[in-house]
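Analysis of the macromolecular model
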Amino acid sequence: MIATMSAPLFDAESLRMGEPPRPDVPAVTPAAEPPDPTSRPRREIPEPTALSGHGPATVLAMCNQKGGVGKTTSTINLGAALAEYGRRVLLVDFDPQGALSVGLGVQPHELDTTIYNLIMERRVTLDDVVLKTAVDGLDLLPSNIDLSAAEVQLVSEVGREQTLGRVLAPALPHYDYVLVDCQPSLGLLTVNALACAHGVLIPLECEYFSLRGVALLMDTIEKVQDRLNPDLEITGILATMYDPRTLHTREVMARVVEAFGDLVFDTVINRTVRFPETTVAGEPITRWASRSQGAEAYRALAREVIAR
Ligand SMILES: Nc1ncnc2c1ncn2[C@@H]1O[C@H](COP(=O)(O)OP(=O)(O)OP(=O)(O)O)[C@@H](O)[C@H]1O
Ligand SMILES: [Mg+2]
């Protein structure tokens with residue numbers, strides 16, 4: 001029996017928020033000094049040390065079956081920030097929508113070879129598919145709509161849950177981090193990502209309904225730990241779309257910290273129009289608006305990830 005079975009991953013009771021906030025609750029509080037989002041003392045995070053060599057990579061699945069919570073945005077910008085710290089990073093677009101690829105300036109429909117070919121065709125190698133991005137040390141395995149067929153085709157394959165792990169294995173010695181951008185579902189593609197990951201990073205939108213699906217996600221993670229990948233850990237919960245001016249955001253954040261404790265990153269990602277802008281620009285925020293608060297937040301997250 002593995003250790004994870006004895007202790008629950010989180011306190012489900014504290015995720016219950018009762019009634020959604022009523023409209024008569026004042027949305028804006030005049031806080032002169034906004035409190036720290038996690039309402040706990042910030043942890044001491046050391047500056048990342050320079051690396052003398054690379055690999056083997058830590059694989060992180062960026063996962064939440066809820067749509068539009070900032071998985072793709074976090075994959076791109078955490079990846080770019082890790083690369084700024086001298087880490088070699090491979091981003092894996094594991095969503096047939098191809099948003100990660102688009103966000104890095106790649107037109108997915110124009111690609112002949114994508115991760116779909118890599119996982120479905122034995123003759124296709126990583127080198128055939130990997131693209132360099134404009135960021136030094138940041139590579140991409142792109143995807144497009146072809147990947148939606150893989151979910152169906154994989155069902156009849158032997159070792160269907162280990163397909164992604166098998167094709168990524170040759171890449172691990174060459175990278176420090178592999179970030180897998182999952183699609184908003186808990187289907188076979190996401191299970192593939194969880195089965196080969198060392199850790200799961202869960203972006204969580206600071207909004208009432210975002211807490212509802214978390215129990216289901218935790219359940220899936222526990223099943224994967226039991227049946228496929230006993231070493232899988234939760235690397236951290238990342239609060240996104242945080243708006244320090246609203247009481248609601250801060251209430252949701254308090255619940256998340258109550259439920260997940262130290263798993264919640266000190267870093268939170270504020271809601272800002274800068275992120276949609278970067279998608280149009282096809283660049284990470286660390287390049288598009290290098291000194292912006294959003295860029296600094298993802299650098300802070302990168303430091304936390306390196307320290308964990
Ligand atoms: N911190 C933020 N503030 C404001 N907008 C954001 C923020 N993060 C992401 N967005 C925007 O919200 C939308 C959804 O973000 P993103 O694509 O990263 O989410 P996702 O979880 O990957 O979505 P999906 O589940 O569809 O894959 C995008 O338009 C993105 O630009
Ligand atoms: Mg996405």
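Per chain, residues are indexed from 1 in the order of the written sequence. Each chain gets a letter, beginning with A, and each ligand a number, beginning with 1, in the order they are written. Only residues with pLDDT of at least 70 get local features here, since the model is predicted, and only at 80 or more are side-chain atom pairs given and counted; chain-wide, interface and lining totals rely on the full set of residues.

**Remarks on the confidence of the model for the protein chain**
- Confidence of the predictor in every single residue is expressed as pLDDT, which spans 0 to 100. Within the protein chain, residue pLDDT values average 90, and 89% of them lie at 70 or more.
- Note on residues 1-5: pLDDT under 50 across the span, and 5 contacts to partners over four residues away in sequence or across chains.
- Overall, residues 21-32 carries pLDDT values under 50, and its contacts beyond four positions in sequence, including any with other chains, amount to 10 contacts. Our contact criterion uses C-beta atoms placed from the backbone: two residues qualify when those atoms are within 7 Å.

**Comments concerning the site of ligand 1**
- Here, nearness means that the C-beta atom of a residue, built from backbone geometry, sits within 6 Å of the molecule or strand in question. Residues in close proximity to ligand 1 total 18 residues, the closest being Gly 67, Lys 71, Thr 72, Thr 73 and Pro 184.
- Going through the elements one at a time, helix 2 (71-84), strand 7 (233-242) and helix 11 (274-281) are the ones with two or more residues in the shell around ligand 1. Put simply, DSSP H or I for four residues or longer makes a helix, DSSP E for two residues or longer makes a strand, and each gets a number counted from the N terminus.

**Observations regarding the sheet that holds strand 1 (residues 58-62)**
- Two strands are said to pair when DSSP picks up at least two bridges between them. With mixed pairing, 8 strands are arranged side by side in an open sheet as 3-4-2-5-1-6-7-8. Every interior strand has two partners, whereas the edge strands, strand 3 (131-132) and strand 8 (264-270), have only one.
- As paired elements, strand 7 and strand 8 share 3 bridges and run parallel to each other. Residue pairing across strands places Ala 239 opposite Val 268, the latter belonging to strand 8.
- Angles here are taken between N-to-C directions and fall from 0 to 180 degrees, while the axes themselves are lines fitted to C-alpha atoms, restricted in helices to the stretch in contact. Strands in contact with helix 2 are strand 1, strand 2 (89-94), strand 4 (138-141), strand 5 (177-182), strand 6 (199-205) and strand 7; relative to strand 5, the strand with the most contacts, it is inclined by about 170°.

**Comments concerning the environment of Thr 272**
- Residue placement: Thr 272 occurs in the loop between strand 8 and helix 11.
- As for Thr 272 and Gln 293, which are separated by 21 residues in sequence, their C-alpha atoms are 9.3 Å apart.

**What to know about the pairing of strand 2**
- With respect to burial, strand 2 is a largely interior element, 6 of its 6 residues being buried.
- To sort residues by burial, count the other C-beta atoms lying within 10 Å of each one's C-beta; a count of 20 or more means buried, 12 or fewer means exposed, and anything in between means partly exposed. C-beta atoms are built from the backbone. By the alternation rule, side chains of strand 2 split into Val 89, Leu 91 and Asp 93 and Leu 90, Val 92 and Phe 94, which are all buried.
- With 4 bridges connecting them, strand 2 and strand 4 associate as parallel partners. Within the sheet, the bridge partner assigned to Leu 91 lies in strand 4 and is Leu 140.
- Two strands pair when backbone bridges link them, and strand 2 and strand 5 are joined in this way by 6 bridges, in the parallel orientation.

**Some points on the nonpolar core**
- The nonpolar core criterion groups buried Ala, Val, Leu, Ile, Met, Phe, Trp, Tyr and Cys residues into a set whenever they are joined through C-beta atoms within 7 Å. Membership of the largest hydrophobic core comes to 89 residues, with the highest contact counts inside it found for Val 178, Val 180, Ala 193 and Leu 194.
- Dropping the residues within four chain positions of it, Ala 193 is found in contact with Ala 61, Cys 63, Phe 94, Leu 164, Val 180 and Cys 182.

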